[in-house]
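Architecture and fold: a report
As a plain string of letters, each chain reads:
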Amino acid sequence: MTATTTPAAGGVRRTTQIFCASTLYGAATLAAAIDADCFGPADRRLLLISNNSSAPELSRAFDQSPGFELLRDRFDGVLSWNDAISPFHPGGWAPRPDDQLLFERYLRLLWDLGEDRVELAVESIQVNPSLAICQIFGGAPVDVYADGLMSYGPTRFKIDPLVGTRVRRVLHLDLVPGLKPLLLTEFDVEPEIVPTDAFLKVLTELGATGGALPEIDAPALLLGQYLSALGILTPEEEEDLHVRMLRGAVALGHRRVVFKPHPSAPHGWSRLLEQEARKLDADLTVVDTPVLAEVLYQRMQPALVVGCFSTALFTASALYELPVARIGTGTLLERLTPYENSNRVPVTIVDALLPDLGDRAAVTDQRRGMDVEMLTQLIRAVGYAMQSKIYPDLRSAAEQYLSSHLDQHTWRYFKRRRLTSLALPGAVPAQLAFIPRNATVRRVARRARSLRRAVGR
């Protein structure tokens, strides 16, 4: 993929905006932000596509997906990051510090940037390829955009101030109205909402690409996520999760069911689901066409959308006002390791807000688990527990929440070992709280540690 360009007139230095995306959903978010004038004027706008799949040479980048051509006209050119750094993988390659200037010269030549003033819009700035791109264009201002729930959580890793201080804002969809993202707040970066109307308009355009989709009215729509690829579930456990989705939907009275597998999931995974559908006398349709879930929302108007912690649950609820239900979040909260796993906040938000598939009354009434104010307090506490060194200012908020709201239900969002390592409330069971204040116990503990060190020598 190459960009087409014309030189600026009169020797005036051009401004080129480079938009980095790895998914069609991300490109749709960028298109909506451009339509809503979230970005300033530029002489050129280039879309830089990265295929981050485990084997990109065996899979197609999203620019070959149905609907991409409808987004194409927002950009003056389309580039491939995979081609630029071949044969390296986008997720595993970054330039050595001494080579960053060399690679900037290489990319300016490859992409015909000349002496252009470059502005970047990237996703997931904590990791490659976004981090590598920001390091290469070391003087470029950066906008971070988020198309999912991870933006509500803390920054995943400590970012070099040479990168973090260049970030101007975090653009995000208003998936949980009233909840403010934590991402990059350690650099005092303010969030900015991509207007919902603009995003819905883009999704409506993409909806016209679903010509090959089956015509099914008001089914229960099951969303697969391919969690076994992340090492959270085994393949057998994930297949069982899909079966539980089906059983739960049928138990609520839904006889027409549509399953949308993750695009990277093995094709054979739906067989067990099909066998279970026959046992339950349910009409199951598996949609293998690589379209966004939002296209199905428009085409089918689902009576219920079921998933684990997919962002699509919130686009269904917040943007399309469709009934939703969650399943499997309790298991994931237990399985996610380490504690600072970046999926923890998305799972926490879904678990805390959305009704459980097994709770008929909650699903029927679409009853929320907690209000946004309480959710904000919870996410700040979880965020501090995840990244205490990056967000030391959140300690008092975490202490306050844990002191007041730690109960049988909210314990699922924390780990005693984590609270202990941070000396937070809840680290010691209430009936043993006297121990840290007992001089005799402290003296015995010190003696035991001394003996252990002596034996170790």
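Residues numbered from 1 in each chain as written. Predicted model: local features only at pLDDT ≥ 70, side-chain atom pairs only at ≥ 80, totals over all residues. Heavy atoms only, no water.

**Here we look at unusual backbone geometry**
Trans is the common state for peptide bonds, and a negative phi is the common state for residues other than glycine. For the peptide bond that leads from serine 86 to proline 87, omega is 10°, which places it in the cis range. Of note, proline 87 is situated in the loop between α3 (81-85) and α4 (100-110). The step from asparagine 128 to proline 129 runs through a cis peptide bond, and the omega angle for that step is 10°. Summarising the element assignment, proline 129 is placed in the loop between β4 (117-122) and α5 (130-136). Unusually for a residue other than glycine, alanine 218 sits at a positive phi of about 55°. Since its relative accessible area comes to 27%, alanine 218 is described here as partly exposed. Non-glycine residue tyrosine 226 carries a positive phi angle of around 60°. (Helix = DSSP H or I, 4+ residues; strand = E, 2+ residues; numbered from the N terminus. Buried < 20%, exposed > 50% of the residue type's maximum accessible area, 1.4 Å probe, protein only.)

**A word on the pattern of salt bridges**
Evaluation of the coordinates by the stated rule reveals 24 salt bridges. Among the salt bridges present, the one from arginine 74 reaches aspartate 73, with a minimum N-O distance of 3.6 Å. Linking arginine 96 and aspartate 99 is a salt bridge whose minimum nitrogen-to-oxygen distance equals 2.8 Å. Residue classification places arginine 96 among the exposed residues on the basis of a relative accessible area of 59%. A relative accessible area of 17% places aspartate 99 in the buried class. Look at the salt bridges and you will find they share partners, linking Arg117, Glu119, Asp143, Arg168, Arg169 and Glu192 into a network. (Salt bridge = Lys/Arg side-chain N within 4 Å of Asp/Glu carboxyl O.)

**A few points about the environment of alanine 423**
Among the secondary structure elements, alanine 423 is positioned in the loop between α17 (416-421) and α18 (439-456). C-alpha of alanine 423 to C-alpha of leucine 313: the two residues are 110 residues apart in sequence and 35 Å apart in space.

**Here's the deal with the packing of aromatic side chains**
Applying the stated criterion across every chain yields a total of 12 aromatic pairs. Where tryptophan 81 meets tryptophan 93, the ring centres are 6.2 Å apart and the plane angle is 55°; that geometry is what we call tilted. Of the two residues, tryptophan 81 is situated in helix α3 and tryptophan 93 in the loop between α3 and α4; the sequence distance between them amounts to 12 residues. The exposure class of tryptophan 81 is buried, given its relative accessible area of 0%. (Phe/Tyr/Trp six-rings, centres within 6.5 Å; stacked < 30°, edge-to-face > 60°.)

**Brief notes about the packing of helix α1 (residues 24-35) against helix α7 (residues 196-207)**
As a packed pair, α1 and α7 sit with axes 8 Å apart at the nearest point and diverge in direction by 125°. Judged on the interaxial angle alone, α7 and α1 are oblique. Here α1 runs over α7; the crossing is right-handed. Here α1 contributes Tyr25, Ala28, Thr29, Ala31, Ala32 and Asp35 to the contact with α7, which in turn contributes Ala198, Phe199, Val202 and Leu206. (Axes fitted to C-alpha atoms, helices over the stretch in contact; angles between N-to-C directions. Parallel < 35°, antiparallel > 145°, perpendicular 65-115°, else oblique. Left-handed = near helix turned anticlockwise from the far one by under 90°. Contact = heavy atoms within 4.5 Å.)

**Quick word on the nonpolar core**
Of all hydrophobic cores here, the largest spans 117 residues; its most connected members are Val176, Tyr297 and Phe414. Look past the residues within four positions of valine 176 in its chain and what remains in contact with it is Leu149, Tyr152, Phe314, Ile349, Leu353 and Leu375. In this structure, Ile18, Ile85, Trp93 and Leu184 belong to the second largest nonpolar core, which totals 31 residues. (Core = buried A, V, L, I, M, F, W, Y, C linked by side-chain atoms within 4.5 Å.)

**Things to note about the confidence of the model for the chain**
Summary statistics for the chain give a mean pLDDT of 91 and a share of 91% for residues scoring 70 or more. Confidence drops under a pLDDT of 50 for residues 2-6, and excluding neighbours within four residues, the segment shows 12 contacts in the predicted structure. (pLDDT = per-residue confidence, 0-100.)

**Concerning helix α10 (residues 293-300)**
Most of α10 sits inside the fold, with 6 of its 8 residues counted as buried. Every buried residue of α10 is accounted for by Ala293, Glu294, Val295, Leu296, Tyr297 and Met300. In the core, the buried residues of α10 are packed alongside α1, α7, β8 (220-223), β9 (256-260), β11 (304-307) and α11 (312-319). Glutamine 301 occupies a position one or two residues after α10 and carries a positive phi of about 45°.

**Looking at the sheet that holds strand β12 (residues 324-326)**
Strand pairing in a sheet is mediated by backbone hydrogen bonds. Such pairs are either parallel or antiparallel. Read from one edge to the other, the open sheet built from 5 strands follows the order β10-β9-β8-β11-β12, with strand pairing classed as parallel. A strand with exactly one partner marks an edge of an open sheet, and here the two such strands are β10 (283-286) and β12. On average, each strand axis in the sheet is tilted by 20° relative to the strand beside it, whichever way the strands run. In the sheet, β9 pairs with β10 via 4 bridges, with the strands oriented parallel. Each residue of the ladder has a partner; that of arginine 256, found in β10, is aspartate 283. Packing against the sheet, helix α9 (residues 270-280) makes contact with β9 and β10, and its axis sits at approximately 165° to β10. (Pairing = 2+ DSSP bridges.)

**Quick word on the sheet that holds strand β3 (residues 77-80)**
Taken in spatial order, the 7 strands line up as β3-β2-β1-β4-β5-β6-β7 in an open sheet, and their pairing is parallel. Of all strands in the sheet, those bounded by a partner on one side alone are β3 and β7 (190-194). Averaged over all pairs of adjacent strands, the angle between strand axes in this sheet comes to 25°, irrespective of strand direction. Of the pairings in the sheet, the one linking strand β1 (residues 15-21) to strand β2 (residues 44-49) comprises 6 bridges and is parallel in character. Across the sheet, residue threonine 16 finds its bridge partner in β2, namely arginine 44. Strands in contact with α1 are β1, β2, β4, β5 (142-146), β6 (167-173) and β7; relative to β1, the strand with the most contacts, it is inclined by about 145°.

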